[in-house]
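Report on the structure
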Amino acid sequence: MAAAFELAMLDGVEEPVRRYLAHVVAPGAQLSASWTLTMTGSIRVRARLRFAARQVLDGASFTWRARVPSNRLRPLEVTDFYRGGTGGTSGRLLGRQLFADTGPDATRSAATRAVMESTMVPATLLPHTGVRWEVLSENAIRFRRPEVGDAEPVTVSIDALGRPGRVEALRWRADKNRPGRLVPFRATFSGERAFAGITVPEKLIAGWVTHDRFEPFYIARIAQVSPGADL
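What comes next concerns the included structure. Within any chain, residue numbers begin from 1 and follow the written order of that chain's sequence. A pLDDT threshold of at least 70 governs which residues receive local features in this predicted model, and a stricter bar of 80 or more applies before side-chain atom pairs are shown or counted, although totals over entire chains, interfaces and linings include all residues. The side-chain quantities take in all heavy atoms of the structure and omit both hydrogens and water.

**Focus: the overall build of the protein chain**
The following threshold applies: Labels follow the DSSP assignment, with helices taken as runs of H or I lasting at least four residues and strands as runs of E lasting at least two, numbered in each case from the N terminus. When we talk radius of gyration, it's over C-alpha atoms, and the globule rule is simply 2.2 Å times the number of residues to the 0.38. Three exposure classes are used, based on accessible area relative to the maximum for each residue type with a 1.4 Å probe and protein chains only: buried under 20%, partly exposed in between, and exposed over 50%. Any two residues having at least one pair of non-hydrogen atoms within 4.5 Å are treated as being in contact. Note on areas: these come from Shrake-Rupley sampling with a 1.4 Å probe, and a residue is covered only by the protein chains present in the view. Counting rule for charge: Lys and Arg are taken as positive, Asp and Glu as negative, and neither His nor the chain ends is counted. Note that the charge is assigned to NZ on lysines, CZ on arginines, CG on aspartates and CD on glutamates.
Along the backbone of the protein chain there are 2 helices and 15 strands. A compact globule built from 231 residues should have a C-alpha radius of gyration of about 17 Å, and the protein chain, at 17 Å, falls within 12% of that. Based on the C-alpha atoms only, the size of the protein chain along its principal axes is roughly 55 × 40 × 30 Å. Going through the 231 residues of the protein chain one by one, you find that 44% of them count as buried. Counting contacts in the protein chain only where the partners sit at least 6 residues apart, residues at least 24 apart contribute 46% of the total. Total accessible area on the protein chain stands at roughly 11,900 Å², and carbon and sulfur atoms take up 49% of it. Between the averaged position of the 32 positive side-chain charges in the protein chain and that of its 23 negative side-chain charges there is a distance of 10 Å.

**Section: the pattern of salt bridges**
Using the following cut-off: Every case where a carboxyl oxygen of Asp or Glu lies within 4 Å of a side-chain nitrogen of Lys or Arg is listed as a salt bridge.
Following the criterion strictly, the structure yields 11 salt bridges and no others. Close ionic contact of Asp175 with Arg173 constitutes a salt bridge, the shortest N to O distance being 3.1 Å. The partner of Arg181 in a salt bridge is Asp175, with the nearest N and O atoms 3.4 Å apart. Its relative accessible area of 24% is what places Arg181 among the partly exposed residues. Note on Asp175: relative accessible area 25%, which makes it partly exposed. Three or more residues joined by partner-sharing salt bridges are found here, namely Asp80, Arg113 and Glu117.

**Brief notes about the pairing of strand 7 (residues 86–93)**
How we decide: Strands pair, by our definition, only if DSSP identifies at least two bridges between them.
Bridge count for strand 6 (residues 76–83) against strand 7 is 7 bridges, and the pairing is antiparallel. By the bridge assignment for strand 7, Arg83 is matched with Thr86.

**Focus: the side chain of Thr199**
Inspection of the secondary structure puts Thr199 in strand 14 (residues 198–210). Those residues in contact with Thr199, other than ones at most four positions away along the chain, are His23, Val24, Pro122, Glu192, Arg193 and Ala194.

**Brief notes about the environment of Asp11**
Tracing the chain through its elements places Asp11 in the loop between strand 1 (3–4) and helix 1 (17–24). In this structure Asp11 comes out as exposed when scored by relative accessible area, which is 56%. Taking the C-alpha atoms as reference points, Asp11 and Pro127, separated by 116 residues in sequence, lie 9.8 Å from one another.

**Some details on helix 1**
Of the residues making up helix 1, those classed as buried are Val17, Arg19, Tyr20, Leu21 and Val24. Those residues of helix 1 that are buried are in contact with strand 9 (132–137), strand 10 (140–144), strand 11 (154–158), strand 12 (164–173) and strand 14.

Right under this line is the structure:
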């Protein structure tokens, strides 16, 4: 049986990291090694496409599987993942593979995504998980995962109660016919929902930041969070 969270687990944790973790994880919450989320939303790829997705994550790895509904065709199925030092994306339509990318650029980008998405299930950010925290200011904290060598540090902006409003990190981006480079990637959170003692964002909007301009392309609402499942 998984251990349960106790506030004593935050002894020695510096403020405001403690404020954040105490807000998002309640005493008695089950501390699972992995977590499963279900969500709905939309993603802009030329046109804006609606999806339903299931994601499994553990703070250092993730698998995201989404279906894009269609009235005339079987759903387009997209899988994004990072685990064991390899990451990427693939898509299938009518049972046939449309695309797949698991090269070095895709892996490096997916590594930072895996670490950023810890914030969707913040029980993965407790001290016993191996995460390393630093304080930037009263309302900005940063963490990294030493075991994910390709991932960049992630900054979390919180309010006076410890509620997260934004996460941001440099993330590898390799556009067609351009060399790869680190570009800021941001997710903003609104609303909160609690599942089994874990407080998660109700809605998130994510995208790249270019020339100081936030360009979101991904919107999701988290419908359910539950402990367990294999990556």
